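Fold and geometry: a report
The primary structure of each chain is shown beneath.
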Amino acid sequence: MAEQLQYTVKYANRTTIGIHITEEAKVEIRAPYGTDEATIRRVLNEKREWIRKAVEKVVDRNHEKALPSDRYFDGALFPLHGGAVELHVKEVEGSGITTVALHPDYRQNILSIRGSNMTPERVQAAVNNWGRKYAKAYLAARVDKFAQRIGVTYNHLTIRETKTRWGSCSSDGNLNLHWKLILLTERLSDYVIVHELCHRIELNHSKEFWAQVEKVLPDYKERRKSLKDIEQRILSW
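This report concerns the structure included in the present document. Just so it is clear, the model here is predicted, and its values are computed rather than measured.

Our focus in this paragraph is the overall build of the chain. A tally of regular secondary structure across the chain gives six helices and 10 strands. A compact globule built from 237 residues would reach a C-alpha radius of gyration of about 18 Å, whereas the chain, at 23 Å, exceeds it by more than 25%. Counting only C-alpha atoms and orienting by the principal axes, one finds that the chain spans roughly 70 × 60 × 30 Å. Expressed as a percentage of the 237 residues in the chain, the buried residues total 41%. Taken as a whole, the chain presents about 13,600 Å² of accessible surface, with 49% of it coming from carbon and sulfur. In the chain, which carries 38 positive and 31 negative side-chain charges, the distance between the mean positions of the two groups comes to 3 Å.

Shown next, in the form of structure tokens:
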């Protein structure tokens, strides 16, 4: 790791080597005058896991603080189903409504947003509104497919937005799913759906519950870890 890691070194009148992660998620080494490169590399190697987690934390924090202008402009990429869908924003003078439509392109899918006064905030609102409607149809189809496969029924499906949860299942069979599941790959969004549907059999997280999940998704542990690694970035999109 030390050979591949990009870092800068600042020498100072100190007795120990310190590692600082800047607000730009850069690694900065603060070392005593006269410290040799081999010693610095050894410390970096010893702290490699801490550095990785610290950098990821700063990246996630910066992503959460990102403004609409950083993500919702003509040519920006929107992670629909974990891929890169390009936003095509077109100003239509005097238009009283904003329309959003998903179109195939010879390179990739594009999401066309047309309306007047297309500020990043208005583009974000339009895309989010479209995303909720798109999620309703897409997720309902996936829920029905897996409910049949698992052999369970459910009462009502609600698409909503929460800060920390991808989904929930109530004791009376009502399912709640986050609309931003459509920003995950199908592999990960299916894991959330199966997880919630298995609560129709076991309304807990017992060994029996996980056994039900494993029957449908033998690799659920890998999916769960992959989801954990990216969920804060996607939930804050």
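What follows continues from the structure just given.
The alternating pattern of strand 8 (residues 156-160) places Leu 157 and Ile 159 on a buried face and His 156, Thr 158 and Arg 160 on a face that is not buried. For strand 8 and strand 10 (residues 174-178), the ladder comprises five bridges, and the chain directions are parallel. What sits directly across from Ile 159, in strand 10, is Leu 177.

Moving on, we come to the sheet that holds strand 8. In spatial order, the strands read 8-10-9; together these three strands make up an open sheet with mixed pairing. What marks the edges here is a single partner per strand, and that holds for strand 8 and strand 9 (167-169). Going across the sheet, the axis of each strand differs from the next one's by a mean of 15°, ignoring polarity. Contacts between helix 3 (residues 120-150) and the sheet are confined to strand 8 and strand 10, with strand 8 contributing the most and set at about 145° to the helix. Here helix 4 (residues 186-198) sits on the sheet in contact with strand 9 and strand 10, set at roughly 160° to strand 10.

Turning our attention to the pattern of salt bridges. Applying the stated criterion to the full structure yields 14 salt bridges. For Glu 49, the salt bridge goes to Arg 52, with nearest N and O atoms at 2.4 Å. Highlighted residues: Glu 49 and Arg 52, both in helix 2 (residues 48-64), separated by three residues, approximately one helical turn. By relative accessible area, which is 40% here, Glu 49 ends up partly exposed. A salt bridge links Glu 231 to Lys 228, with the nearest nitrogen and oxygen atoms 3.3 Å apart. Linking Glu 231 with Lys 228, this pair stays in helix 6 (residues 220-235), spanning three residues, or about one helical turn. Exposure remark for Glu 231: the relative accessible area of 11% places this residue in the buried category. The class of Lys 228 is exposed, set by a relative accessible area of 59%. Counted as one network, the salt bridges with shared partners bring together Arg 187, Asp 219, Glu 222 and Arg 223.

On to the sheet that holds strand 6 (residues 99-103), then. In space, the four strands of this open sheet follow the order 4-5-7-6, with mixed pairing throughout. The open sheet has two edge strands with one neighbour each: strand 4 (77-78) and strand 6. Where strand 4 meets strand 5 (residues 85-91), two bridges bridge the pair, whose relative direction is antiparallel. Bridge pairing in strand 5 places Phe 78 opposite Val 85.

Formed by 51 residues in total, the largest nonpolar core has its most connected members in Phe 78, Leu 87, Leu 177 and Leu 197. The set of elements that each furnish at least two residues to this core consists of strand 5, strand 7 (110-115), helix 3, strand 8, strand 10, helix 4, helix 5 (207-216) and helix 6. Formed by 13 residues, the second largest nonpolar core is a distinct cluster that contains Tyr 7, Ile 21, Ala 31 and Leu 44.

Running from N to C, helix 4 and helix 5 point in directions that differ by 135°, and their axes come no closer than 9 Å. As far as their axial angle goes, helix 5 and helix 4 are oblique. Between helix 4 and helix 5 the crossing geometry is right-handed. Counted together, Tyr 191, Val 194, His 195 and Cys 198 of helix 4 and Phe 209, Trp 210, Gln 212, Val 213 and Val 216 of helix 5 form the full contact between these two elements.

What follows is about helix 4. If you check helix 4, its first and last C-alpha atoms are 18 Å apart, about what 13 residues at 1.5 Å a residue would give, namely 18 Å. When you tally the buried positions in helix 4, you get 11 out of 13 residues, the bulk of the element. Within the span of helix 4, buried status applies to Leu 188, Ser 189, Asp 190, Tyr 191, Val 192, Ile 193, Val 194, His 195, Glu 196, Leu 197 and Cys 198. Lining the buried residues of helix 4 we find helix 3, strand 9, strand 10, helix 5 and helix 6.

Thresholds, definitions, all that
Residues numbered from 1 in each chain as written. Predicted model: local features only at pLDDT ≥ 70, side-chain atom pairs only at ≥ 80, totals over all residues. Heavy atoms only, no water. Helix = DSSP H or I, 4+ residues; strand = E, 2+ residues; numbered from the N terminus. Rg over C-alpha atoms; globule rule 2.2 N^0.38 Å. Buried < 20%, exposed > 50% of the residue type's maximum accessible area, 1.4 Å probe, protein only. Areas by Shrake-Rupley, 256 points an atom, 1.4 Å probe, with all protein chains shown as cover. Lys, Arg positive; Asp, Glu negative; His and termini not counted. Charge placed at Lys NZ, Arg CZ, Asp CG, Glu CD. Pairing = 2+ DSSP bridges. Axes fitted to C-alpha atoms, helices over the stretch in contact; angles between N-to-C directions. Contact = heavy atoms within 4.5 Å. Salt bridge = Lys/Arg side-chain N within 4 Å of Asp/Glu carboxyl O. Core = buried A, V, L, I, M, F, W, Y, C linked by side-chain atoms within 4.5 Å. Parallel < 35°, antiparallel > 145°, perpendicular 65-115°, else oblique. Left-handed = near helix turned anticlockwise from the far one by under 90°. Expected span 1.5 Å × (residues − 1).

It is worth stressing that arrangement in space is one thing and function is another; only the former is reported here.
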